[in-house]
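# Chain and residue survey
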Amino acid sequence: MMMNDPLGDMLTRIRNAQMRGKSTVKTPASKLRAWVLDVLADEGYIRGYEKAESDNGQGEITISLKYFEGAPVIKELKRVSKPGRRVYMATKDLPSVRNGLGVSIISTPKGVMSDAAARSANVGGEVLCTVF
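Residues numbered from 1 in each chain as written. Predicted model: local features only at pLDDT ≥ 70, side-chain atom pairs only at ≥ 80, totals over all residues. Heavy atoms only, no water.

### What about unusual backbone geometry?
Most peptide bonds are trans, and most residues other than glycine sit at a negative phi. Despite not being glycine, E69 has its phi angle at roughly 50°, a positive value. Mapped onto the fold, E69 is located in the loop between β4 (67–68) and β5 (71–72). Accessibility expressed as a relative area gives 73% for E69, which makes it exposed. Unlike most non-glycine residues, N99 shows phi in positive territory, near 55°. Assignment of secondary structure puts N99 in the loop between β7 (88–89) and β8 (103–108). Since its relative accessible area comes to 78%, N99 is described here as exposed. (Helix = DSSP H or I, 4+ residues; strand = E, 2+ residues; numbered from the N terminus. Buried < 20%, exposed > 50% of the residue type's maximum accessible area, 1.4 Å probe, protein only.)

### With respect to the packing of aromatic side chains
Tallying each qualifying case throughout the model produces 0 aromatic pairs. Residue placement shows K75 over the ring face of F132; its charged tip is 5.4 Å from the ring centre. If you follow R98 out to its NZ or CZ, it ends over the ring of F132, 4.2 Å from the centre. (Phe/Tyr/Trp six-rings, centres within 6.5 Å; stacked < 30°, edge-to-face > 60°. Lys NZ or Arg CZ within 6 Å of the ring centre and 35° of its normal.)

### Considering the pairing of β8
The element β8 is extensively covered by neighbouring structure, given that 5 of its 6 residues are classed as buried. Relative to strand β10 (residues 125–131), β8 runs antiparallel, the two sharing 5 bridges. Note on β10: the bridge partner recorded for I106 is V127. Across 4 bridges, β8 lies against strand β9 (residues 111–114) in antiparallel orientation. (Pairing = 2+ DSSP bridges.)

Interpretation note: all reported values are geometric properties and have no functional meaning in isolation.
Have a look at this one:
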């Protein structure tokens, strides 16, 4: 199967696993996915993740999901910039998610970071997804 949006695929896997109440979910490894997971972990949306080499050379990431009183910590995980329609924003235009309760994950020239980090570093970039 041809994968056009690996990041979107990972976000969907996380959503699906949470609906099923799973504690972990696996996804093929990539740098971008790991960078996005770093932000999710820093912001407290996932417990963390582990990389492992799989037999076919493509590594695998196991994501540890986080629940609070039985409910997933991530209520909403939305892809913003898609392969068919990329979304770029300057620092001043970066949206706040749910009045600052949520986080946008931005791919900037200084790396993948939260919208708050992008504002303080004064960089804009591609708005990969929003988390709430």
